[in-house]
Amino acid sequence: MKALIVDDDHFSLKLLASQLRQRGGYVIESCDSAEHALELIRSKAFYPDIIFLDLNMPGMDGPELIGLLGKMEYRGGLVLVSGYSKRILHATVELSKEHQVSILGYLEKPVSPAQLDALSQNWRLLDGNERDNAFFFTRAEFMAAIANREFVNHYQPKISLSDNRVTGVEALVRWMHPEHGLMGPGQFISLAEQYGCINALTRLVVENALQDRRRWKGDEAGFSMSINISMLSLSSMEFMDGICRQITESGCAPEDFIFEVTESRTLDDQRQPLEIMIRLKLQGFRLAIDDFGTVYSNLSKLKDYPFDELKLDRSFIDGVSTAKSKFGFYHACLALAGEYDMTLVAEGIENRQDLMFLKESGCDLGQGYLIARPMAAEALGKWLAEYRGVI
Ligand code: C2E
Ligand code: MG
Ligand code: MG
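Colleague: Whenever I open this one, the coordination of the magnesium ion (ligand 2) confuses me. Can you help?
Modeller: Any two of four tetrahedral donors ideally make an angle of 109.5 degrees at the metal, while pairs among six octahedral donors ideally make 90 or 180 degrees. Within the first shell, the magnesium ion (ligand 2) binds the protein through Glu170 (OE), Asn228 (OD1), Glu260 (OE) and Asp290 (OD), at distances of 1.9 to 2.3 Å. In primary sequence terms, the donor set of the magnesium ion (ligand 2) follows E-x57-N-x31-E-x29-D. A gap of 4.2 Å separates the magnesium ion (ligand 2) and the magnesium ion (ligand 3), which aspartate 290 links by coordinating each metal. Of this pair, glutamate 170 sits in strand 7 (residues 166-177) while glutamate 260 sits in strand 10 (residues 257-262); the two residues are 90 residues apart in sequence, bridging distant segments of the chain. Taking relative accessible area as the criterion, glutamate 260 reaches 1% and is therefore assigned buried.

Colleague: Looking at this structure, I do not really get helix 8 (residues 198-213). What am I missing?
Modeller: Helical periodicity: at 3.6 residues per turn, an α-helix aligns residues three or four positions apart in one direction. The terminal C-alpha atoms of helix 8, which comprises 16 residues, lie 22 Å apart, in line with the 22 Å expected from a rise of 1.5 Å per residue. Within the span of helix 8, buried status applies to Ile198, Ala200, Leu201, Thr202, Leu204, Val205, Val206, Asn208, Ala209, Leu210, Asp212 and Arg213.

Colleague: Explain the site of ligand 1 to me, please; I cannot follow it from the model alone.
Modeller: Taken together, 22 residues form the shell around ligand 1, and within it Arg174, Asp290, Arg314, Glu350 and Tyr369 come nearest. Residue aspartate 290 places a side-chain N or O atom 2.8 Å away from an oxygen atom belonging to ligand 1. Within the side chain of arginine 314, one N or O atom sits 2.6 Å away from an oxygen atom of ligand 1. Taken by itself ligand 1 offers 800 Å² of open surface, and the protein chains cover 90% of this. Going through the elements one at a time, strand 7 and strand 11 (286-292) are the ones with two or more residues in the shell around ligand 1. Sorting elements by how many residues they give to the shell around ligand 1 places strand 7 first, with four residues. Classifying every residue of the shell around ligand 1 gives eight nonpolar, six polar and eight charged.

Colleague: What am I meant to see in the sheet that holds strand 5 (residues 102-108) here?
Modeller: The strands that make up a sheet are held in pairs by hydrogen bonds between backbone atoms, and each pair lies either parallel or antiparallel. Here we have five strands laid out as an open sheet, ordered 2-1-3-4-5, and parallel in their pairing. Edge positions in the open sheet fall to strand 2 (27-31) and strand 5, since each of these has one partner strand only. Each strand axis lies, on average, 20° off the axis of its neighbour in the sheet, ignoring direction. Two elements, strand 4 (residues 77-82) and strand 5, share six bridges in a ladder whose sense is parallel. Bridging from a neighbouring strand, valine 81 pairs with leucine 107 of strand 5.

Colleague: Where do I start with the side chain of aspartate 313 in this structure?
Modeller: Structurally, aspartate 313 is set in the loop between strand 12 (309-312) and helix 12 (314-317). Comment: no salt bridge for buried aspartate 313; closest opposite-charge side chain is arginine 314, at 5.6 Å. Among residues more than four places away in sequence, those in contact with aspartate 313 are Asp291, Phe292, Thr294 and Glu347.

Colleague: Is there a simple way to explain the pattern of salt bridges in this structure?
Modeller: Oppositely charged side chains can pair when the atoms bearing their charge come close. Tallied over the full model, the rule gives 13 salt bridges. Note that aspartate 7 and lysine 109 form a salt bridge whose closest N and O atoms lie 3.0 Å from each other. Residue aspartate 7 is found in the loop between strand 1 (2-6) and helix 1 (10-23), and its partner lysine 109 is found in the loop between strand 5 and helix 5 (113-130); the two are separated by 102 residues along the sequence. One salt bridge connects aspartate 212 with arginine 215, and the closest N-O pair in it is separated by 3.5 Å. Taking the relative accessible area as the measure of exposure, aspartate 212 reaches 8% and is therefore buried. Here the salt bridges share partners, and the residues they tie into one network are Asp7, Asp54 and Lys109.

Colleague: Can you walk me through the coordination of the magnesium ion (ligand 3) in this structure?
Modeller: Protein coordination at the magnesium ion (ligand 3) comes from Asp290 (OD), Asp291 (OD), Glu347 (OE) and Glu347 (OE), with a distance range of 1.9 to 2.6 Å. Read in sequence order, the donor residues for the magnesium ion (ligand 3) give the motif D-D-x55-E. Take aspartate 291: its relative accessible area is 23%, and that puts it in the partly exposed class.

Colleague: Help me out: how do you make sense of the nonpolar core in this one?
Modeller: The nonpolar side chains of soluble globular proteins are, as a tendency, buried together. With 104 residues, the main nonpolar core has Phe142, Phe151, Ile227, Phe259 and Leu358 as its most contacted residues. Among the elements that make up this core, the one with the highest residue count is helix 8 (eight residues). Residues Leu13, Ala17, Phe52 and Val81 belong to the second largest nonpolar core, which totals 18 residues.

Colleague: What am I meant to see in the layout of surface pockets here?
Modeller: The space that makes up the second largest pocket amounts to roughly 170 Å³. Along its surface, the second largest pocket is lined by Glu108, Lys109, Pro110, Ser112, Ala114, Gln115, Asp318, Gly319, Thr322, Ala323 and Lys326. The residue makeup of the lining of the second largest pocket, split by class, is three nonpolar, four polar and four charged. Inspection of the lining of the second largest pocket shows a minimum of three residues originating in each of domain 1 (2-127) and domain 2 (139-386).

Colleague: How should unusual backbone geometry be read in this particular structure?
Modeller: Most of the time, phi is negative for any residue but glycine, and the peptide bond is trans. In this chain, lysine 109 is followed by proline 110 through a cis amide linkage whose omega measures -5°. Within the secondary structure, proline 110 is located in the loop between strand 5 and helix 5. In this structure, lysine 44 is a non-glycine residue whose phi angle is positive, near 65°. Inspection of the secondary structure assignment puts lysine 44 in the loop between helix 2 (34-42) and strand 3 (50-54). For aspartate 291, which is not glycine, the phi torsion reads 50° and is therefore positive. Along the chain, the position of aspartate 291 falls in strand 11.

Each value, and the rule that gives it
Residues numbered from 1 in each chain as written. Chains lettered and ligands numbered in written order. Predicted model: local features only at pLDDT ≥ 70, side-chain atom pairs only at ≥ 80, totals over all residues. Heavy atoms only, no water. Donors = N, O, S within 2.8 Å, 3.2 Å for Na, K, Ca; no water. Helix = DSSP H or I, 4+ residues; strand = E, 2+ residues; numbered from the N terminus. Buried < 20%, exposed > 50% of the residue type's maximum accessible area, 1.4 Å probe, protein only. Expected span 1.5 Å × (residues − 1). Near = heavy atom within 4 Å. Polar contact = N/O pair within 3.5 Å; in protein donor to acceptor, adjacent residues only side chain to side chain. Areas by Shrake-Rupley, 256 points an atom, 1.4 Å probe, with all protein chains shown as cover. Nonpolar A, V, L, I, M, F, W, Y, C, P; charged D, E, K, R; others polar. Pairing = 2+ DSSP bridges. Axes fitted to C-alpha atoms, helices over the stretch in contact; angles between N-to-C directions. Lys, Arg positive; Asp, Glu negative; His and termini not counted. Salt bridge = Lys/Arg side-chain N within 4 Å of Asp/Glu carboxyl O. Contact = heavy atoms within 4.5 Å. Core = buried A, V, L, I, M, F, W, Y, C linked by side-chain atoms within 4.5 Å. 1 Å grid on protein atoms, 1.4 Å probe; cavity = no way out; pocket = protein on both sides within 12 Å on 5 of 7 lines; lining within 4 Å. Points joined across faces, edges and corners; volume = space filled by probe spheres on them. Domains from an automatic or database assignment.

Here it is, written out as structure tokens:
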């Protein structure tokens, strides 16, 4: 991946470059001014897939460069890097949206490897989706893979932070590709959406979930199964009706199924999804808003949607116990969840300190590598049998 770092501070340039180098897989260019970066991109001497942009620079600053990138229809991703307050970052994110430059997230200075880890998930997604260097497949290949059942679910447990009890699992789809091996959803979901194949894939995910569920104590009432639903699928009640039938006809209670939709498009894209969500709720299914916090949508809009669960994105969870900026947003979400009677779920808990903080501050549920990684159905069965509530 071609990465361009733009920062007037040479120490920051070097630090980030060396961190990216250590991760491997990057071709890195550094510029100590926005003007220089612009020249480089314009001349196509180096067209970055991802730009790490410091906001505050003498001469042309970050926001000005963002405007110009928008004008030249820069198609890569952008990561904001700043020592400034989150409000400035938020404002800049809004600005970038207006210029249609896609923001992959932001890093606070000094950038830590953990921050990069959390964020790199975002650009890995982008990597698999929109880049031409990614593994490419045709619609026919994808449909054939569905017909051949090359997709399997992995499952990640979700626990109650008050008593460590496992409350349910989330199904995360993987493609067992005969040549390319096991591939994560970041590499194919977006293309499946573009091809109009996402509904067929979701049907298979649900079918697999219903089957796998019987293998472990997942079929006990009250043990939830979360299914990720593309926002595109929420524009057809017919499709969702089919999914609901699939579930109820297998004998499962709707209450045990949680449909997760990602914040990204949910709250902008009004009526139809809202109507469908309400109807799902009326049938007894539960709804979660996923990756919350990543697109900075209007928090007050949340109250208009019947979500049961608010899943706070892992970029806010990693370091929540120490990073002041995350702390603030976290507390706002905690209050919001309380006010709208939603269960707050912390995604991506990776270290004990954050876990303890989340427990003490009253976050309801948690999910993350520290508790358990996503696992194949069999491995999950074993994990559940052995789990004693100790993390
Ligand atoms: P998500 O629904 O937010 O799922 C959580 C993602 O975070 C999963 O990545 C999981 O493996 C990862 N994760 C969990 N705990 C940690 C942690 O402690 N640290 C870190 N760094 N990562 C953690 P995965 O499986 O690659 O899935 C990525 C996204 O793909 C999912 O994000 C979801 O939006 C989408 N997706 C997965 N399965 C499906 C599906 O069946 N249908 C649709 N439409 N989307 C899906
Ligand atoms: Mg999810
Ligand atoms: Mg998520």
